[in-house]
Amino acid sequence: MVATVQQEQPLSATPRGTAGTVSHFNDPNIGSKLMAMGVLPGSRVRVVRKSPFGGGCYVKVDNFFLALRKEEADSIVLK
Amino acid sequence: MQDTRPTTKTFTIALLGNPNCGKSSVFNQLTGLRQKVGNFPGVTVDKKVGQTLLPNQSAVTLVDFPGTYSFYPTSIDERIVVQSLCNPQDINYPDGILYIADVTKLEKHLLLLTQLRDLGLPIILALNMADVAQKEGLEVDAKKLSRQLNVSVVKISGRTGEGMGLLKEELQQMVDQRASYIAPQPLFKMTEVERDAAEAAKEIVPEANTYQGLLIAHHYEWLPFLSEAQRKLLADVAKQNGFESLRAQVDETMQRFDKFTPIVRSAIRTQSQGGESTTTEKLDNILTHRVFGPLIFFVLMLLVFQAIFAWATYPMDMIESFFGYTGEWIKSNLPEGWATDLLTDGIIAGLGGILVFIPQIAILFLLISLLEEVGYMARAAYMFDNVMRSFGLNGRSIVALVSGGACAIPAIMSTRTIGNWKERLITILVTPFISCSARIPVYIVLIGFVVPPETIWGIFGLQGLAFMGLYLLGIIAALFAAWVFKLILNTHERSFLMLELPEYRVPVLRNVGLTVWEKVRSFVVEAGQIILVISIVLWFLASYGPSADMAQARSEALATAEAQNLSEMETKNLIASRRIEASYAGHLGKAIEPVIEPLGYDWKIGIALVTSFAAREVFVGTMATIYSIGSEQDEYSVRDRMAVERNPITGEKVYTPATALSLLLFYVFAMQCMSTLAVVKRETKSWKWPIVQFVFMTALAYLAAWGAYAWLS
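Within chain B, the secondary structure is distributed over 32 helices and 12 strands. A principal-axis box enclosing the C-alpha atoms of chain B has dimensions of 95 × 60 × 50 Å. The long-range fraction of contacts in chain B, counting pairs at least 24 apart against all pairs at least 6 apart in sequence, stands at 72%.

Structure below.
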């Protein structure tokens, strides 16, 4: 993990294509679901693309892919 | 845990795993056609049960549970897993567990395994996708994994069938030596607070272990087997101890990951570096592209639609003519009488009306399950989720709405992939608004009365444009109704997308075939019964009436025929016409005349409205019978006859543009299809929703028809 800008930011705010490491979740409800699906603090995540009609994004997490709504992506905080 | 179970019951094994772990492939491998679909009690979640033969020729029962990520559920599907497993008294409580994990994603698929392991049930871990692992150069030390997790491990492939023999031997061992397959120590260490909450809950449910107690303490608010008093007790305990469910869930999940991640890392050796673009990523660059993605989807759906439309025609024609000829043959070979009529016009016509849908259902599910198997459906749901959600629907609803253009029946059956109950229900309720193929004959007959056969701008036929307009109207009605239901219906379920997009894979044809078989079977068996009954009732209404009326109708018709010197065929048609007028359906038509008069309809149209409840296209046939032109004629001769029909009192034409438009709108919106209602009943498990659907669709149809008639006349 190359340290770039060390600032906490939600996943949805990162530019498309840049990878980051999950720090924590700011919505515990969504967070617990995401963790059960294998998105954990420490996982590498990257927004691959935004969805065609907005409101969601296509995310790569470690070695698998997830479709997330905006509020779901917002709850992932990167370090 | 009780080890002795009544010997009359076969050993039951719960098949569990995360979504996309390849569980259904394994289930199909183990059970083949020895499976049937039932329901979990009280909910609409499908429960697949099958038998598998072990090497010693004894049979065990496999229950395929919905794919689940953890014991902290998001949907009804996942709740079923929790409620069946945390209560040893539950009728679905298994004797053992077979856990399927995708070996290429072991780091996340073992969470649920470690939870299941703590239930005190015997368990086997099957590492699925052994073939893929080999291709990717992934090596797993199964022995090491087994030793460290304290669970027995088998490598298999549900796709190729690899390792199935070993798995069955392992299952037999589990049946024979149940106790040795139970993990001796729970993996998860509870905190003081958790233990207190768990112990309190454990007291309530006989035979529950401490981890089951903890699950009950987490989920007491919705677990159906608890009484109100027990819920209150558990709420009090949680409050006293300061037990916070959400926080405890997160801590438990973290602790489990912390424990099994090092185990997985030590047992796995991989050659891939990660980071390089996979085939899936490359395909998704195009298939989920912001512009091309939706375009490709519509092209695919157009193909599906076309296939249902075009390919299904031939088998459907064959089925129809088969039943037609059988009916004719029986009529000419059996003595005339009510029994023969019941057999031909009631039962055989009814059976034909059921079986004629099989080609459409089979083709739709063949294509849909292919797309699902490949992994494409999750992408479609992802792309359209936002649009659909603004109407209270789900990304997955788009498939049902598009296929509703061919036929609402398979479309409604395809909504089972929608996890959220409210979103699924709304999809079911609004799909019949989409103009299906059965409306086409009705549109063809009526459109000519409203729109002249002219061409504008050189290429567009006005009638064709009107046709398209009717389709658009259906789509608008569906979205509008969905939006209204979104506001009316309540749900406690939170809606999530959070959808895993699985790797694209070559479909397993066995899985596709079994899906098609299961859908066709359940339609014929379950919806078919209702359709058959309604069709017999409609036959009775159209063929019988007060006996004096019927006799009079016949003698009058004969007298007229003699006076006018009609041919045999014309006489037969005239009798049929007079008889339907005198029948109960005719009486019904006349009885509803005051209601439908504001729409511009007479009692003859009333009869057609009643009989076409069987299916919309029956409208044309009924019109043909009423106007005594024989029911074998095509749409155009019916239209020609209708064009000269005049009101006997006023002498005005009956089918004015106003009446015809009003009828068209009625057929766009009205729920004139008993088969759809039967399927909705089947899919929602209650008569409530088909009745609601029938009422609001008919009400909307009535209002639209009334408005159009009032405006034009």
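That covers the picture; the talk isn't over yet.
So, about the interface of chain B and chain A. If you look at the interface, chain B gives 29 residues, while chain A gives 28 residues. Of all the secondary-structure elements, those providing two or more residues to the side of chain B that touches chain A are helix H3 (106–117), helix H10 (245–267), helix H12 (292–311), helix H16 (376–389) and strand S12 (499–501) of chain B. Here the side of chain B that touches chain A is built from residues that sort into 15 nonpolar, 8 polar and 6 charged. Pairing analysis gives 3 bridges linking strand S5 (residues 64–69) of chain A to S12 of chain B, with the strands arranged antiparallel. In the sheet register, Leu66 of chain A faces S12 of chain B, and the bridge partner there is Glu500 of chain B.

Time to look at the nonpolar core. Tyr99, Ala126, Leu664 and Phe669 of chain B are the most contacted members of the largest nonpolar core, which has 225 residues in total. Leave out the neighbours within four places in its chain, and Ala126 of chain B touches Val26, Leu98, Tyr99, Ile100, Val154, Ile156 and Leu167 of chain B.

Even without being glycine, Asp62 of chain A reaches a positive phi, approximately 40 degrees. Along the chain, the position of Asp62 of chain A falls in the loop between strand S4 (56–61) and S5. In the Ramachandran plot, Met498 of chain B falls in the positive-phi region, its phi being about 30 degrees despite a non-glycine side chain. Following the sequence through the fold, Met498 of chain B ends up in the loop between helix H21 (462–488) and S12.

Moving on, we come to the confidence of the model for chain A. The pLDDT averaged across chain A works out to 86; a share of 91% of its residues lies at or above 70. In the model, residues 1–5 of chain A has pLDDT below 50 throughout and makes 1 contact with residues more than four positions away in sequence or in other chains.

One open sheet accounts for 7 strands, arranged S1(A)-S6(A)-S2(A)-S3(A)-S4(A)-S5(A)-S12(B); its pairing is antiparallel. Across the chains shown, the open sheet's two edge strands, defined by having one partner strand only, are strand S1 (9–10) of chain A together with S12 of chain B. In the sheet, S1 of chain A pairs with strand S6 (residues 76–78) of chain A via 2 bridges, with the strands oriented antiparallel. When the bridges of S6 of chain A are listed, Pro10 of chain A appears paired with Val77 of chain A. Running over the sheet, H16 of chain B touches S4 and S5 of chain A together with S12 of chain B and is turned about 135 degrees from S12 of chain B.

Attention now moves to helix H28 (residues 618–626) of chain B. In terms of burial, H28 of chain B is largely enclosed, as 8 of its 9 residues are buried. If you check which residues of H28 of chain B are buried, you get Val618, Phe619, Val620, Thr622, Met623, Ala624, Thr625 and Ile626 of chain B.

All names here are of chain A. Checked against the element boundaries, Val48 lands in strand S3 (residues 44–50). Looking at Val48, the number of C-beta atoms within 10 Å reads 18, which means it is partly exposed. Placed 12 residues apart in sequence, Val48 and Ala36 show a C-alpha to C-alpha distance of 21 Å. The contact partners of Val48, leaving out residues within four places of it in the chain, are Tyr58, Val59 and Lys60.

Residues and elements named next belong to chain B. The buried count for strand S1 (residues 12–17) comes to 5 of 6 residues, which makes it a mostly enclosed element. Here 4 bridges tie S1 to strand S4 (residues 59–64), and the two strands are oriented parallel to one another. Pairing of Ile13 across the sheet is with Leu62, part of S4. In this structure, S1 lies alongside strand S5 (residues 96–102), joined through 5 bridges in parallel fashion. Among the inter-strand pairings, Leu16 is bridged to a residue of S5, identified as Tyr99.

Attention now moves to the packing of H21 of chain B against helix H30 (residues 657–669) of chain B. Residue and element names in this part refer to chain B. At their nearest, the axes of H21 and H30 sit 10 Å apart, and the two run at 45 degrees to each other. As summarised for this structure, H21 and H30 are arranged oblique, according to the angle between their axes. Our pair here, H21 against H30, has a crossing hand that is right-handed. Between H21 and H30, the contacting residues are Leu470, Leu473, Gly474 and Ala477 on the first element and Leu664, Val668 and Phe669 on the second. For the contact of H21 with H30, the residue count by class is 6 nonpolar, 1 polar and no charged.

Before going further, it helps to spend a moment on the confidence of the model for chain B. All names here are of chain B. Summing up the model confidence of chain B, the mean pLDDT is 87 and the portion of residues at 70 or higher is 95%. The model gives residues 1–7 a pLDDT under 50, and that stretch makes 6 contacts with residues more than four places away or in other chains. Prediction confidence for the complex, expressed as pTM and ipTM, is 0.81 and 0.91 respectively.

The rules behind these values
Residues numbered from 1 in each chain as written. Chains lettered and ligands numbered in written order. Predicted model: local features only at pLDDT ≥ 70, side-chain atom pairs only at ≥ 80, totals over all residues. Helix = DSSP H or I, 4+ residues; strand = E, 2+ residues; numbered from the N terminus. Contact = placed C-beta atoms within 7 Å. Nonpolar A, V, L, I, M, F, W, Y, C, P; charged D, E, K, R; others polar. Pairing = 2+ DSSP bridges. Core = buried A, V, L, I, M, F, W, Y, C linked by C-beta atoms within 7 Å. Buried ≥ 20, exposed ≤ 12 C-beta atoms within 10 Å, placed from the backbone. pLDDT = per-residue confidence, 0-100. Axes fitted to C-alpha atoms, helices over the stretch in contact; angles between N-to-C directions. Parallel < 35°, antiparallel > 145°, perpendicular 65-115°, else oblique. Left-handed = near helix turned anticlockwise from the far one by under 90°.

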